[in-house]
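This is what each chain is made of:
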Amino acid sequence: MATTDATTKDHDGPTGGPGHADAAEAAAGPGGQADGGSTVRSLLRLWPYVRPVRARLFGAACVAVVASCVGLVIPLVLKWLVDGPVAGHDPQGVWLGALYLLLLGFAEALLFGLRRWLVARPLAGVEADMRADLYRHLQRLPVAFHDRWASGQLLSRATTDLMLLRMFLAFPLTFLFVNAVTILVGMAIMLLQQWTLGLVLLAPALPVVLVCWLFERRYSQVARLAQDQVGDLTTVVEESVLGIRIIKGFGRHRSQARAFRELSRTLRGTELAKARLLASIWAVIVTLPELAIGAALVLGTVQVADGDLSAGTLVAFLSTALALRWPIDSIGFLLAMSQEAATATQRYFEVMDSAPESADPADGAAGEGAGPRKGVGTGGGTGTRDGVGKGTPDDADADADAGDGDRHGPASGSGASRHDGDGDVEGPEGIGTGRAGAGGLRFHGVRFRYPDAPADAAPVLDGIDLHIRPGETMALVGATGSGKTTLTALIPRLHEVTSGRITLDGEDITRMPRATLRELVAVAFEEPTLFSASVGENVLMGAADTAGETELDRALAVAQADFVHALPEGAATQVGEQGLSLSGGQRQRLALARAVVGSPRFLVLDDPLSALDVHTEAAVEAALRRVLARTTALVVAHRPSTVLLADRVALLSGGRVAAVGTHHELLRSNAEYAWLMSGTEDTGAAPGAGHGTDTARRTAHAGARTEEDHR
């Protein structure tokens, strides 16, 4: 993938502060509870992941049921032991009964161990699959999504939430079923032994069910809040680690620590609220059955004294009741874990339900025929696209020749035509009628507004019509906030245009598979991003998998990144997270090398030399000229020295292309451009006519001197 750096934009959206959970919920639709949804409905969404391992999960549940039922056999053995060998003073019978009890205990333990073995490996696989799907989906989500969501919220979903889901599938899911079966079987046994005592034990059932229902409703809200706060806390920690130089440089460690403590205190309060709810249900669930067992003991003792009940039956009855204590007592925390799992499921699918980048319509077209797509990936000319590649190599060569001619003069077209202001001829639909006219990189009435912008907000870009001819380098100049970086982000489709279209060699980029588009277009943004990998691996991310040392050395030479060879392990040196072990200029040169290493057809550079000193900048420009001569390039520039790399310059003002021409033409004719290139500090004065004329005159002389220096 040729796109080398993630684009960023200044915005006032959430960045992971204390209120981010609300912002994330507003963006993605989470609200303490899933849309209309109960816990069961939320958890049922896990079925596609559970289905491949359903046989082992069902087998594990059956094994656990058998193990629990084995435990219920023990009271029956005790009844036989008390009423038989003990009452008959039979020592051998007592020893035989003890052996039975020992064997049953071993069997129960082995069965529960088998259950754990059956679920451990498949559920680890389920967690890994869900995490892989989440990561894959995050890569496919548009940049606008990542602008809205704090990274800590995404990290907590990929780690804490998935761990909760694995724990739920391994334990509560199984034991809610197993314990329900155990309670039903146990109650049936007790009712068969003595129905009056059984009814006494059934008395707390209705209050317990009511308490569980109330608990579920309240606990789900608190559990959701706690998990969102964990995401906020994760964001703060991550930002503090990545921004440690800023924190230390400005002495803000105390304020950051204070913010962290406040978030931690808030999370602590939420966790305590969870604990209070859990303690409440635990108290009810434990107390009511214990009172019922006490009442049954008193009533059973009276019946034994009256001769209506044998001692063995009472022992068996009470032993069964005590065996059911764990299944009943565990209801509280099993429900709590289930609620946390339901909340984790909601949070997981909030991301998974977010719409990815629009599908590639080209995928369907590609399946309709065979053959290469002419005009994409070969030559420099245009081509047709109707599902089957058309044309011949001679056509491609002719197109390339036409494109070279177009670089030096306007193309001629046939039929009805109009000029778009840059010397090219367009047909009635805005599509070049001549091969050269349709080639290169072209913006057709492009309009763009950020997806989260208010409906009445002015678009960032409005009516952009611009043509970069094949083999031409165009500089993009404009004041801060004029939309230059946004415009460059539209070319590799990091954002989708609101209206209008962008074409590469005459083909609409929305009709190209993204993989193909991003192989054709390489992008290096002003803020370079490096990954925790070696220098070589970072640079070669912009090339095909077959690229090696030759391509790496060539790219490093273009970027004047000779410092790489002086690193401890050369290109194999690990740069660390964000590449912070390198200087800003070194990171920017590696980002530039990554952009050119794949010899892209189209190159987009966003002020690629801003962090370089004058001498290094001159050396990089000299090498970069040779690269730009072989590609079609759009270069965002803020300095005359960078502008001089370009054949033509486009001035972006107020989201529109205000002027297009050569550097010297614009210096003479456009006051705003002259003002931008002059470097004047009189930022408060708008470039008026008289001021602009004087500024243009001064800047023209400065530009001429700069050009002489470069020569």
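Residues numbered from 1 in each chain as written. Predicted model: local features only at pLDDT ≥ 70, side-chain atom pairs only at ≥ 80, totals over all residues. Heavy atoms only, no water.

## Some thoughts on the overall build of the protein
When its secondary structure is counted, the protein shows 28 helices and twelve strands. When each of the 711 residues of the protein is scored for burial, the buried share is 47%. Put simply, the protein shows about 33,200 Å² of open surface, and 60% of that area lies on carbon and sulfur atoms. (Helix = DSSP H or I, 4+ residues; strand = E, 2+ residues; numbered from the N terminus. Buried < 20%, exposed > 50% of the residue type's maximum accessible area, 1.4 Å probe, protein only. Areas by Shrake-Rupley, 256 points an atom, 1.4 Å probe, with all protein chains shown as cover.)

## Observations concerning the nonpolar core
The biggest cluster of nonpolar side chains holds 35 residues, and the ones touching the most others in it are Val539, Leu590, Leu603 and Leu624. Once you skip the residues sitting within four places of it in the chain, leucine 590 turns out to touch Leu530, Val535, Val539, Leu556, Ala561, Phe563, Val564 and Leu582. (Core = buried A, V, L, I, M, F, W, Y, C linked by side-chain atoms within 4.5 Å. Contact = heavy atoms within 4.5 Å.)

## Digging into the pairing of strand E8 (residues 521-524)
Residue alternation in E8 divides its side chains into two sets, Val521 and Val523 and Ala522 and Ala524, and both sets are buried. Note: E8 against strand E9 (residues 602-606), four bridges, orientation parallel. Across the sheet, the residue bridging to valine 521 is phenylalanine 602, located in E9. (Pairing = 2+ DSSP bridges.)

## Describing the packing of helix H4 (residues 54-86) against helix H8 (residues 172-193)
As a packed pair, H4 and H8 sit with axes 9 Å apart at the nearest point and diverge in direction by 25 degrees. Comparing the axis directions of H4 and H8 gives the class roughly parallel. H4 and H8 meet at a crossing whose hand is right-handed. Along its contact with H4, which presents Ala61, Ala64, Val65, Ser68, Leu72, Leu76 and Lys79, the element H8 presents Thr174, Phe177, Val178, Val181, Thr182, Val185, Gly186, Ile189 and Gln193. In terms of residue class, the contact of H4 with H8 is made up of ten nonpolar, five polar and one charged. (Axes fitted to C-alpha atoms, helices over the stretch in contact; angles between N-to-C directions. Parallel < 35°, antiparallel > 145°, perpendicular 65-115°, else oblique. Left-handed = near helix turned anticlockwise from the far one by under 90°. Nonpolar A, V, L, I, M, F, W, Y, C, P; charged D, E, K, R; others polar.)

## Notes on unusual backbone geometry
Even without being glycine, arginine 493 reaches a positive phi, approximately 65 degrees. Position of arginine 493 relative to the elements: it lies in the loop between helix H19 (484-490) and strand E6 (499-504). Although it is not a glycine, aspartate 505 adopts a positive phi angle of roughly 50 degrees. Position of aspartate 505 among the secondary structure elements: in the loop between E6 and strand E7 (507-508). According to the relative accessible area criterion, aspartate 505 is buried, its value standing at 3%.

## Some words on the sheet that holds strand E4 (residues 461-468)
As summarised here, the arrangement of the four strands in space is E4-E3-E6-E7, forming an open sheet in which the pairing is antiparallel. Every other strand in the sheet has two partners, leaving E4 and E7 as the edge strands with one partner each.

## As for a nonpolar patch on the surface
Residues Trp80, Leu96, Leu99, Tyr100, Leu102, Leu103 and Phe106 make up a contiguous nonpolar surface patch of roughly 690 Å² in combined accessible area. When residues in the nonpolar patch are grouped by element, the largest group, six residues, is from helix H5 (residues 91-140). We classify leucine 102 as partly exposed; its relative accessible area is 49%. (Patch = residues over 30% accessible without salt bridge, like charges linked within 9 Å, V, L, I, M, F, W, Y side chains within 5 Å. Salt bridge = Lys/Arg side-chain N within 4 Å of Asp/Glu carboxyl O.)

## Regarding the sheet that holds strand E5 (residues 473-478)
With mixed pairing, six strands are arranged side by side in an open sheet as E8-E9-E10-E5-E11-E12. Every other strand in the sheet has two partners, leaving E8 and strand E12 (656-661) as the edge strands with one partner each. Shown here is a sheet whose adjacent strand axes are inclined to one another by a mean of 20 degrees, direction ignored.

## Observations regarding a positive patch on the surface
On the surface, a cluster of positive charge is made up of Arg252, Arg258, Arg261, Arg265 and Arg268. Since its relative accessible area comes to 43%, arginine 258 is described here as partly exposed. (Lys, Arg positive; Asp, Glu negative; His and termini not counted. Charge placed at Lys NZ, Arg CZ, Asp CG, Glu CD.)

## Brief notes about the confidence of the model for the protein
Scored by pLDDT, the protein comes out at a mean of 77, with 79% of its residues at no less than 70. Segment residues 1-37 is flagged for pLDDT under 50; beyond a separation of four residues in sequence, or across chains, it makes 87 contacts in the model. Contacts from residues 680-686, a stretch scored under 50 in pLDDT, to residues over four places away or in other chains number five contacts. (pLDDT = per-residue confidence, 0-100.)

## Regarding the packing of helix H12 (residues 253-305) against helix H15 (residues 331-352)
The contact between H12 and H15 brings their axes to 8 Å, and the two run at 145 degrees. In this structure, the crossing between H12 and H15 has a hand that is right-handed. In this structure, H12 uses Lys274, Leu278, Ile281, Trp282 and Ile285 to contact H15, whose residues at the interface are Ile331, Gly332, Phe333, Leu335, Ala336 and Glu340. Residues that form the contact of H12 with H15 fall into these classes: eight nonpolar, one polar and two charged.

## Focus: the environment of valine 643
With respect to the secondary-structure elements, valine 643 resides in helix H25 (residues 640-643). According to the relative accessible area criterion, valine 643 is buried, its value standing at 1%. Between the alpha carbons of valine 643 and alanine 475 there is a distance of 5.7 Å; along the sequence they are 168 residues apart. Discounting chain neighbours no more than four positions away, the residues touching valine 643 are Ala475, Val477, Ala637, Val649, His663, Tyr673 and Met677.

## Thoughts on the side chain of lysine 484
With respect to the helices and strands, the residue lysine 484 is situated in helix H19. Buried within the structure, lysine 484 lacks any salt-bridge partner; aspartate 606 is the closest side chain of opposite charge, at an N-O distance of 6.9 Å. Engagement of the side chain of lysine 484 in a polar contact is seen with the backbone oxygen of alanine 479, the distance being 3.1 Å. Among residues more than four places away in sequence, those in contact with lysine 484 are Leu476, Val477, Gly478, Ala479, Val636, His638 and Leu652. (Polar contact = N/O pair within 3.5 Å; in protein donor to acceptor, adjacent residues only side chain to side chain.)

## With respect to the environment of leucine 191
Here leucine 191 is to be found in helix H8. Separated by ten residues in the primary sequence, leucine 191 and leucine 201 have C-alpha atoms spaced 9.7 Å apart. Those residues in contact with leucine 191 that sit more than four places away from it in its chain are Gly198, Leu199 and Leu202.

## Observations regarding the pattern of salt bridges
Counting across every chain of the model gives 18 salt bridges. In this structure, arginine 601 engages aspartate 505 in a salt bridge whose closest nitrogen and oxygen atoms are separated by 2.1 Å. In this pair, arginine 601 is assigned in the loop between helix H23 (584-596) and E9 and aspartate 505 in the loop between E6 and E7, connecting sequence segments 96 residues apart. Linked through salt bridges whose partners overlap, the residues forming this network are Arg157, Asp161, Arg224, Asp228, Arg347 and Glu350.

## Describing the packing of aromatic side chains
Under the definition given, this model contains eight aromatic pairs. Relative to phenylalanine 175, the ring of phenylalanine 112 lies with its centre 6.1 Å away and its plane at 25 degrees, an arrangement referred to as stacked. In this pair, phenylalanine 112 sits in helix H5 while phenylalanine 175 sits in helix H8, placing the two residues 63 residues apart along the sequence. Ring centres of phenylalanine 448 and tyrosine 450 lie 4.9 Å apart, and the angle between their planes is 80 degrees; on these two criteria the pair is classed as edge-to-face. Tyrosine 450 matches phenylalanine 448 in its accessibility class, with the two residues each being buried. A network of ring pairs unites the aromatic residues Tyr49, Tyr348 and Phe349 as a single cluster. (Phe/Tyr/Trp six-rings, centres within 6.5 Å; stacked < 30°, edge-to-face > 60°.)

## Some points on the pairing of strand E3 (residues 441-448)
Within E3, six of the eight residues are buried, which leaves the element mostly enclosed by the surrounding structure. One ladder, built from five bridges, connects E3 with E4; its direction is antiparallel. Its bridge partner lying in E4, phenylalanine 443 is registered against leucine 466. For E3 and E6, the ladder comprises five bridges, and the chain directions are antiparallel. In the sheet register, arginine 442 faces E6, and the bridge partner there is threonine 503.

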